[in-house]
Amino acid sequence: MQQNCGSRLQLQAIHKRFGHFTALDDIHLDIQPGELVCFLGPSGCGKTTLLRIIAGLEQQSSGRLLQGHRDISMLPPRQRDFGIVFQSYALFPNLSVQDNIAFGLRSLGQPKAQIKQRVDELLALIGLADQAGKYPAQLSGGQQQRVALARALAPAPGLLLLDEPLSALDARVRGHLRKEIRRLQQQLGVTSILVTHDQEEALTMADRVVVMNHGVIEQVGTPEQIYRQPATPFVAEFIGAMNFIDSPRQADGKVRLGATLLDMPQAASQGARVRLAFRPEEVQLLPRHSGGLPACIEQLEFLGTFLRARVRVAGLEPLLTVDVDPRSALHLHLHVGQQLDAHLPTVNLRCYAA
Ligand SMILES: Nc1ncnc2c1ncn2[C@@H]1O[C@H](COP(=O)(O)OP(=O)(O)OP(=O)(O)O)[C@@H](O)[C@H]1O
Ligand SMILES: [Mg+2]
């Protein structure tokens, strides 16, 4: 199998304006060879625009792009070294599976025998060797997207760009293809960028996640860093579930969480008020009079691997979200209206300016 040599990609001070609207504002990013990076963010935050700029399908207003040692900032798409997969499979309907995959290789003028060998390798790699003669309309959505992936990978590009490639598929196929794309990407060592607004997709697939909002990068980090140490309240709220409690800073620089006075978790905030953040799984519910804050369960939701409770805690606004594992729930006989004690976390709290 022909191995790709994934290339490094550097984005330097990328700005993009559409008229008076700023779609991207001072984007800096350094993607390492063989890395899979996800652009994650809400609709309209600029993910596709940034991907299109990398592909040369859109021109940045200012800024520089380097692929390896090559300045690609002003190059047209066909002179850049990438393969791309879109949300809509965008296969050629009048070409068979094998001809779709071979398309880019033929336009490169490769010899027939070499093209056939490459197409056969890719068909085996995506598990569709027995479907080579079919046409796109005869394939399922998941199969079509695999063909689109093989077509993008066929010329062994140094960079693979994927714009929401799985969002048109149902959950089961999506989960399966996530693993498949990741396996292929690692096997080939191709530097890859996956655009998604699905946080689960980003957290499970990426080496690093780039969280975007309103045209800026809020944070770049490994999935674990993004989840455990969100750099901004936006990231904290966007990734997973989070409880936020606003609290005045005490005279001695401490901060109050319920009945507990805590040392300021981080020196981040200078204001008179701080916003403390903790995750639902970091709160513990125990029987009444166990030394926590008096709490009452207002809602319970069964989510399969855990129960999510909405809990009113004395002295705290708003209601807290608390995740309870099924064993503890059973042990506590968890039910709506139940009076318990909530033990709030006192370590690893996140702290932001309110
Ligand atoms: N050609 C264009 N002309 C004017 N505005 C545009 C153009 N393309 C994109 N925009 C605007 O730029 C912003 C970013 O768009 P973009 O398509 O990059 O968002 P996105 O993060 O990919 O969103 P989604 O998750 O919905 O695909 C949006 O506000 C969009 O309306
Ligand atoms: Mg988009």
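This structure is a prediction, so every number in the text was calculated from the model and none was measured.

Glancing now at the sheet that holds strand β1 (residues 9-18). Taken in spatial order, the four strands make up an open sheet running β2-β1-β4-β5, and their pairing is antiparallel. Two strands bound the open sheet, and with one partner strand each, they are β2 (21-31) and β5 (70-71). Where β1 meets β2, seven bridges bridge the pair, whose relative direction is antiparallel. What sits directly across from Leu9, in β2, is Ile31.

With respect to the helices, strands and loops of the structure, Ile53 is situated in helix α1 (residues 47-55). Judged by relative accessible area, Ile53 falls into the buried class, the value being 0%. Beyond its immediate sequence surroundings of up to four residues, Ile53 is in contact with Ile14, Lys16, Leu24, Glu58, Gln59, Gln60, Leu65 and Arg80.

All right, on to the packing of aromatic side chains then. Ring pairs (aromatic) are described by centroid distance and by the angle formed between their planes. As enumerated under the stated definition, the model contains two aromatic pairs in all. With centroids separated by 4.4 Å and ring planes inclined at 45 degrees, the aromatic side chains of Phe92 and Phe103 adopt a geometry described as tilted. With Phe92 in the loop between β6 (83-85) and α2 (97-107) and Phe103 in helix α2, this residue pair connects regions lying eleven residues apart in the sequence. Residue Phe103 is classed as partly exposed on the basis of its relative accessible area of 40%. Arranged with centres 5.3 Å apart and planes meeting at 15 degrees, the rings of Phe234 and Phe238 form a pair that is stacked. With Phe234 and Phe238 both in helix α8 (residues 233-238) and four residues apart, this pair spans about one turn of that helix. Above the face of the Phe92 ring, Arg151 is positioned so that its terminal group lies 4.9 Å from the ring centre. The side chain of Arg279 reaches across the aromatic face of Tyr227, ending 3.9 Å from its centre.

Criteria and cut-off values
Residues numbered from 1 in each chain as written. Chains lettered and ligands numbered in written order. Predicted model: local features only at pLDDT ≥ 70, side-chain atom pairs only at ≥ 80, totals over all residues. Heavy atoms only, no water. Pairing = 2+ DSSP bridges. Helix = DSSP H or I, 4+ residues; strand = E, 2+ residues; numbered from the N terminus. Buried < 20%, exposed > 50% of the residue type's maximum accessible area, 1.4 Å probe, protein only. Contact = heavy atoms within 4.5 Å. Phe/Tyr/Trp six-rings, centres within 6.5 Å; stacked < 30°, edge-to-face > 60°. Lys NZ or Arg CZ within 6 Å of the ring centre and 35° of its normal.

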